[in-house]
Amino acid sequence: MVNVLVVGSGGREHALSWKLSQSPHVDVVYTAPGNGGTQNNVPLTVNDLDGLAKFAKENNCFTVVGPEDPLAGGIVDKFNELHLKIFGPSRQAAQLESSKIWAKQFMKRNDIQTARFEIFDNAQKAQDYVNSLDYDVVVKADGLAAGKGVIVCNGKQEALDAIQTILIKKTFGDAGNRIIIEERIDGIEASYIALSDGTVAIPMASSQDHKRIFEDDKGPNTGGMGAYSPTPIVDEELTKKIQEKIIDKTIQSMKKEGITFKGFLYAGIMIKDNEPYVLEYNVRMGDPECQPITARMDFDLYDYLTASAEGNLSSLPPISWKKQSAVCVVLASEGYPQSYPKDEAITGLDSNFENGFVFHAGTKKQDGKILSNGGRVLGVVALGDSLDSAIKNAYSAAEKISWPHKYCRKDIGKKGLSYL
Ligand code: AMP
Ligand code: GLY
């Protein structure tokens, strides 16, 4: 038996811990730093690589990294040097997410379909470029900006303002030293996540996120307000196209360039005229996509994560998924993604959730109570025999939970239903 150390503190990490703790190979699952819902929390931050390595060594852990920050900071390289077992991409491989410019240039030289783009570090040149275009653009800060460094623009003025915000006002600090200006593609968005060992890539179940804060995709972007799996938007034909033209090609091109990509490869896809375009790569599971995806897993996740780390995924049998649909409704604090209250006591967590589970995100345990401690507080996941019934089950579970400034979108999954 081994122990597992899950690094992170969000809903994604709660879901991973929950699933990994079901493996017959796993003894104790620790989470660092974890949240109010995770068990065996270890008080180490995700960027304390020395502390995490020491803990993993002393406790005989296989380490699973949830968020991008420690991956971009080289946690996998460090653990490998110390001969500690770990799941996730190396620092070099994590550049697919940590530098949007690196990722765009990688796609361009390897002929992976993405929006056409130019790169700038000079605001005047960027503005002249925008003025010369006859289409709408998206302006992106190069580096990690907690999901906020992307500005989708309507018209020239918004694009000029976005350049000002990132390059002159430095709203995202050094992450905005360089920007990408790319064509805005108006289509349908989906998340496509695969698990790779550097040679093969196994697709996870399809899913769709809801990034905007308000119903009908209005308001500012968030980390994600809810997700469901599978999504009818990614049908069999599109799955094949995305797998071959994007995922397999990415893994093979990385390999050709001397980089072994191990871990979850997440492609944020825009589908237009039945063609998939990569909007972004992430080098980890999505949050909240991870929650409904793990709820549908009918296999031992531990086996597959260790095989990814060891480079022998092709020796394992094909994975299988529960036929049911899963929906995750994120319960947030009112005011998110801007400012919001914290430390509000949450009630109803001990209710009976038939067909459902609650994954914690921004919560903490204090004096036996669970308090809100972040923007996205909980993810309520439910299964159902159809997308429609999973939605109903998720909302009826979500209703049982309350705190003074609870907020959630009421239309999670509706995009899938209207597509059907
Ligand atoms: P990213 O972090 O690059 O995925 O961008 C965040 C969000 O901005 C995406 O989920 C899309 O909704 C939107 N977005 C990014 N790039 C584009 C694009 N080229 N065209 C349209 N929307 C985009
Ligand atoms: N849900 C989108 C992300 O994890 O980046």
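Conventions adopted
- Residues numbered from 1 in each chain as written.
- Chains lettered and ligands numbered in written order.
- Predicted model: local features only at pLDDT ≥ 70, side-chain atom pairs only at ≥ 80, totals over all residues.
- Heavy atoms only, no water.
- Helix = DSSP H or I, 4+ residues; strand = E, 2+ residues; numbered from the N terminus.
- Rg over C-alpha atoms; globule rule 2.2 N^0.38 Å.
- Buried < 20%, exposed > 50% of the residue type's maximum accessible area, 1.4 Å probe, protein only.
- Contact = heavy atoms within 4.5 Å.
- Areas by Shrake-Rupley, 256 points an atom, 1.4 Å probe, with all protein chains shown as cover.
- Lys, Arg positive; Asp, Glu negative; His and termini not counted.
- Charge placed at Lys NZ, Arg CZ, Asp CG, Glu CD.
- Near = heavy atom within 4 Å.
- Polar contact = N/O pair within 3.5 Å; in protein donor to acceptor, adjacent residues only side chain to side chain.
- Nonpolar A, V, L, I, M, F, W, Y, C, P; charged D, E, K, R; others polar.
- Phe/Tyr/Trp six-rings, centres within 6.5 Å; stacked < 30°, edge-to-face > 60°.
- Pairing = 2+ DSSP bridges.
- Axes fitted to C-alpha atoms, helices over the stretch in contact; angles between N-to-C directions.
- Right-handed = clockwise from strand over helix to strand, strands pointing away.
- Parallel < 35°, antiparallel > 145°, perpendicular 65-115°, else oblique.
- Left-handed = near helix turned anticlockwise from the far one by under 90°.

K.L.:
An account of the overall build of the protein is requested, with residue identities and associated values reported.
P.N.:
Scanning the protein for helices and strands turns up 13 helices and 22 strands. For a compact globule of 420 residues, the expected C-alpha radius of gyration is about 22 Å, and the protein comes in at 21 Å, within 12% of that figure. Each of the three principal axes of the protein carries a C-alpha extent, and together these read 60 × 50 × 40 Å. Taking all 420 residues of the protein together, 57% fall into the buried category. Contacts spanning at least 24 positions in sequence make up 69% of the contacts within the protein whose residues lie at least 6 apart. Only carbon and sulfur atoms are counted for the fraction: they give 47% of the accessible area of the protein, which is about 17500 Å². Averaged over its 47 positive side-chain charges, the protein has a centre that lies 1 Å from the centre of its 54 negative ones.

K.L.:
Please provide a residue-by-residue account of the site of ligand 2, values included.
P.N.:
With respect to spatial proximity, the complete set of residues near ligand 2 consists of D209, K211, G223, Y266, N282, R284, G286, D287, P288 and E289. In the model, a nitrogen atom of ligand 2 is placed 2.8 Å from a nitrogen or oxygen of the D209 side chain. Note that a nitrogen atom of ligand 2 is positioned 3.2 Å from one of the backbone N or O atoms of G223. Protein chains bury 89% of the 200 Å² of accessible surface belonging to ligand 2 in isolation. Among the residues forming the shell around ligand 2, the class breakdown is two nonpolar, three polar and five charged.

K.L.:
An account of the packing of aromatic side chains is needed here, citing residue identities and associated values.
P.N.:
A complete count under the given rule lists 13 aromatic pairs for this structure. Relative to W321, the ring of F299 has its centre 5.3 Å away and its plane inclined at 85 degrees; by these criteria the two rings are edge-to-face. Of this pair, F299 sits in the loop between α10 (290–295) and α11 (301–310) while W321 sits in the loop between α11 and β17 (325–337), placing them 22 residues apart in sequence. An aromatic cluster is built from W18, F357 and F359, whose rings are joined through pairwise contacts.

K.L.:
How would you summarise the sheet that holds strand β15 (residues 262–272) if you had to cite specific residues and measurements?
P.N.:
Ordered by their spatial adjacency, four strands build an open sheet running β10-β9-β15-β16, and the pairing between neighbours is antiparallel. The open sheet has two edge strands with one neighbour each: β10 (201–203) and β16 (275–282). The mean inter-strand angle of the sheet, taken between neighbouring strand axes irrespective of direction, is 35 degrees. The pairing of strand β9 (residues 188–197) with β15 spans 10 bridges and is antiparallel. Bridging across to β15, I193 finds its partner in Y266.

K.L.:
Give a detailed account of the pairing of strand β1 (residues 2–8), specifying residues and quantitative values.
P.N.:
The element β1 is largely enclosed, with a buried count of six among its seven residues. With helix α1 (residues 11–20) bridging β1 and its parallel neighbour strand β2 (residues 26–33), the resulting β-α-β unit is right-handed. Bridge analysis of β1 against strand β3 (residues 61–65) gives five bridges, and the strand direction is parallel. Paired with V7 across the two strands is V65, which belongs to β3.

K.L.:
Got a sec to walk through the packing of helix α7 (residues 123–132) against helix α8 (residues 155–168)? Specific residues and values, please.
P.N.:
A packed helix pair is summarised by two numbers, namely the angle formed by the two axes and the spacing between the axes. The interhelical angle for the contact between α7 and α8, taken along N-to-C directions, is 165 degrees, at an axis separation of 10 Å. Taken together, the axes of α7 and α8 lie roughly antiparallel to each other. Crossing geometry of α7 relative to α8 is assigned as right-handed. In this structure, α7 contributes A123, A126, Q127, V130 and N131 to the contact, and α8 contributes K156, A159, L160, I163, Q164, L167 and I168. Partitioned by chemical class, the residues of the contact of α7 with α8 number eight nonpolar, three polar and one charged.

Coordinates in, geometry out; function isn't part of it.
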